[in-house]
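# Summary of the model geometry
Spelled out from the first residue to the last, the chains are:
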Amino acid sequence: MNKHELVWDESHLIHLLQHYLPSQAPLKDFIHHNTLHGFQQEEFFDALGHAKHVFGYKTSLSLDRYRKFYKDGKINPYQLERSMESFNQKKGTDFTLDSVLHGSAKLTIKPTVGQLRSKWKQLYQVDLNALTHSKLFRVLNAYIDQGVAIWQFPVSEGGLISSLRALERNSMVSMFNTPRPQMLLAQKKLSIKHLLHLVVGNEAFFDNYVVDQQFAHPGWSGMVSVLEQNQALLLDKRKISLNDLIIFELLLEIDALDQRFGMQWKPLGYNDSLTPIDLFEKPQKEVFNQLVEIWQVAFENTTYDQALSAIRNIAPKEPNIARDDFQALFCIDDRECSIRRYIENVALQQKIGCHTFGTPGHFGLEYYFQPENGKFHTKVCPAPVSPNILVQEKSSNIKRKKDFHFSKQTHGFLLSWLITHTVGLISSLRLIRSIFYPKNEAAANSSFHFMSEQSNLNYQFNPENPESADGLQLGFKVEQMADNVEKVLKSIGLVNNFAPVIYIIGHGASSVNNTYYAGYDCGACSGRPGSVNARLFAKMANRADVRQLLEKRNLFIPDDTVFIGGLHDTTIDEISFFETLSLAGQSVEQHERFSAIFKKALKLNAKERSRRFIGINTSKSLENIHGKIKKRAVAIFEPRPEWNHATNCFCIIGNRNLTHGLFLDRRAFLNSYDYKTDPDGLYLTNILNAAAPVCGGINLEYYFSRVDTQKLGAGTKLPHNVIGLNGVANGTDGDLRTGLPGQMIEMHDPLRLLMIVEHYSEVVLAAIKRNPATFEWFENNWVNLVVVNPETHQCQRFNGIFFEDYEPLISTTDKQLSLEQYIETSSDNLPIYLYN
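Criteria and cut-off values
- Residues numbered from 1 in each chain as written.
- Predicted model: local features only at pLDDT ≥ 70, side-chain atom pairs only at ≥ 80, totals over all residues.
- Heavy atoms only, no water.
- Pairing = 2+ DSSP bridges.
- Helix = DSSP H or I, 4+ residues; strand = E, 2+ residues; numbered from the N terminus.
- Axes fitted to C-alpha atoms, helices over the stretch in contact; angles between N-to-C directions.
- Buried < 20%, exposed > 50% of the residue type's maximum accessible area, 1.4 Å probe, protein only.
- Contact = heavy atoms within 4.5 Å.
- Phe/Tyr/Trp six-rings, centres within 6.5 Å; stacked < 30°, edge-to-face > 60°.
- pLDDT = per-residue confidence, 0-100.
- Parallel < 35°, antiparallel > 145°, perpendicular 65-115°, else oblique.
- Nonpolar A, V, L, I, M, F, W, Y, C, P; charged D, E, K, R; others polar.

Spatially, six strands are ordered E13-E11-E16-E17-E18-E19 in an open sheet, and the strand pairing comes out mixed. Edge positions in the open sheet fall to strand E13 (668–672) and strand E19 (803–806), since each of these has one partner strand only. In this sheet, adjacent strand axes meet at a mean angle of 25° when their direction is disregarded. By the bridge criterion, five bridges tie strand E11 (residues 650–654) to E13 in an arrangement that is parallel. Bridged to Ile653 within E13 is Asn671.

Given below as structure tokens:
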């Protein structure tokens, strides 16, 4: 069979595209993920070289940047030597310290993807991207628009191509400039294969050509791929597929070529100078990639060892026998690392017994939430979960504030003219005022607006009204409530010594003019605030019937223990507590005392955060700094309302004593876990199944956005326009930007996540192997893993196959500075610090 007789498989092409295209969802569901997920089946450093070879990505820092870090002390000399010797031993190379420090290695970026389709420009002097992308992007945007456009696209239930056919039939002017694509579109059995025969001709080039075509705009192609696989991501439903996208783009290409050459051009694949290539063939080892691996491992271990050495040296504490005065459950989010530290410290200073815990911020609850008068359901649990329960907000009787100039009245002919010259003038004056005096306006995205504190939550299952209109179960059954409370409490090791008051604190963020707002909220809640989850968990845990079921499962919560839900806004550092008016007796006085601790801790937390913000004097009073932090969050011109997950590099799963007294500089996800209550690692398996993709995904999206801000990141926020409420683009006709903008990653050090687990290595090994998808993260070193022996604190590191003893080289010692003095020493990342 010669190359002109090959049998082409369209389904294989679609699968290939779905595997490698970006998987970024619409803005309202912005969930962090591994940007190079298509290469995750490969070892991490092999994947970096492969992705660079295929797509031309920058997948690491430059050698000059590593060498500057070395000169500045951010890479330890002993770690560099250890990394080099280990690499030489494993790979059979003979690098010397001099060659690593001073040797030159050429960085070659000549991607395989794009080479074939570029021949149109080289051989025919035709730039198809310039001729087709503007119209392609505008039609796609109009088709899936979620509320920006006043006039809707004439959508057909058959999908994009069916809608385009209807548009052509009913329009006086065609979207095409030549007759052939018009006739082709009218054909009911139009296929990719038929159009590729017209444009490319030779089936041996079909896959290469379409991959080139779609990765010329990976943002739009990735969005279509995501929406095809999960149409529920669009509130205003649209049926769209990669098949439709490819067909439409091929029609636009035929139109452009016909307009330029008439119908006298021949398919690209019939040019004798072209030969098919394997787009995804693995490259040969390059010296540059080898040096990057040596430097990157040394860079990571320099930071890792600070924490591991400190954990090794923390003196074991006697078990706390006395009952805590209060306890608080927070999300594992790295931004909660510091507020937990301050709450514990302030409580200690006031001689109040306190323990904090970390668990994913949806608090185990899986459901959809429907706000009062809300038209749509909102998922407030991890993105991969498909819940079957609906919780509704009822009887809030509170009108949400609105700005009149956002009213639909502005869409009319006469009213729009009148409003522009009246309300529009007032709005412009308010805009000018907000530059100098920022305040929280109605249009701001406030985490406290997600749920009204005065509303009722319809969360209990009623057999007489079991289902919603779309078949979801209305509310939780009592058994489901008990299952959830038991699962969360046992997973974090809170099975006895319950305090009189236990706070359940979700988190969210407030900002203005921030297209990435969902990425600032709780990832475990699908990019929403965790307020409803915290409030629901507290209500469930307070129920007498739930506690009765828990007692049958040997989980005894004292009668005087009260759970209180709350929400921590991480941008303005404020906490709102829910349903405190229902407290009675001693709980009222206790909550007043403990809420004062939260207030003091929030101010201290704001001060710690302020050291990274230009324009805030960290030496000022706590009240002054906190006031400026709150104004910063609602400033319309502020592109950095907070640094979000920037600098994250640890995920620590273990007892709080493992890290108590350790300053981790807000760099750690902290998941509470007690190995004693989970000897077989079954709870640990569930924790790792969530922590690996969630924390690992956050870490890697920051990593790759930092090393390649233009292709793997979103560039700068400043020229971004919101496109159909689905994504952002530079200007109006650009490709959708994927990854994170520069204003979120500027201060981030690209380090892989180190997951530290307190348990015995054989238990952890069994836990990560129970789920192949979880094991892949560790087997291929996309996330590094260290086990800390709970008895000896000996560290063992996973090498992809088994655990081996690991001795930290860098010693972390107690410093003489106070914690408050220490955080004022630098705006850069600070070394791990033992402050007790």
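Next comes the rest of the account.
Before going further, it helps to spend a moment on the side chain of Thr570. Here Thr570 is to be found in the loop between strand E9 (562–569) and strand E10 (574–577). Taking the relative accessible area as the measure of exposure, Thr570 reaches 3% and is therefore buried. The residues touching Thr570, leaving out its near neighbours within four places in the chain, are Arg335, Glu336, His507, Gly508, Ala509, Tyr520, Arg609 and Glu642.

We now examine the pairing of strand E8 (residues 501–508). With eight of eight residues buried, E8 lies mostly within the body of the structure. Sheet analysis places strand E1 (residues 326–330) next to E8, joined by five bridges and oriented parallel. The residue bridging Ala328 from the neighbouring strand is Tyr503, located in E8. Here eight bridges tie E8 to E9, and the two strands are oriented parallel to one another. Within the sheet, the bridge partner assigned to Ile504 lies in E9 and is Gly565.

Tallied over the full model, the rule gives 37 aromatic pairs. The interplanar angle of 45° and the centroid separation of 5.1 Å between the aromatic rings of Trp120 and Tyr124 together place this pair among those described as tilted. Of this pair, Trp120 and Tyr124 both sit in helix H6 (residues 119–124), four residues apart, which is roughly one turn of that helix. Assessed through its relative accessible area of 1%, Trp120 is described here as buried. Ring centres of Phe137 and Trp220 lie 6.4 Å apart, and the angle between their planes is 25°; on these two criteria the pair is classed as stacked.

Here the chain averages 91 in pLDDT, while 94% of its residues score no lower than 70. Note on residues 1–5: pLDDT under 50 across the span, and six contacts to partners over four residues away in sequence or across chains.

Another aspect to go through is the packing of helix H9 (residues 179–186) against helix H13 (residues 242–261). Where H9 contacts H13, the axes come no closer than 8 Å and their chain directions differ by 155°. Between H9 and H13, the angle falls in the class roughly antiparallel. Two secondary-structure elements touch here, H9 through Arg180, Pro181, Leu184 and Leu185 and H13 through Leu251, Ile254, Asp255 and Asp258. Among the residues forming the contact of H9 with H13, the class breakdown is five nonpolar, no polar and three charged.

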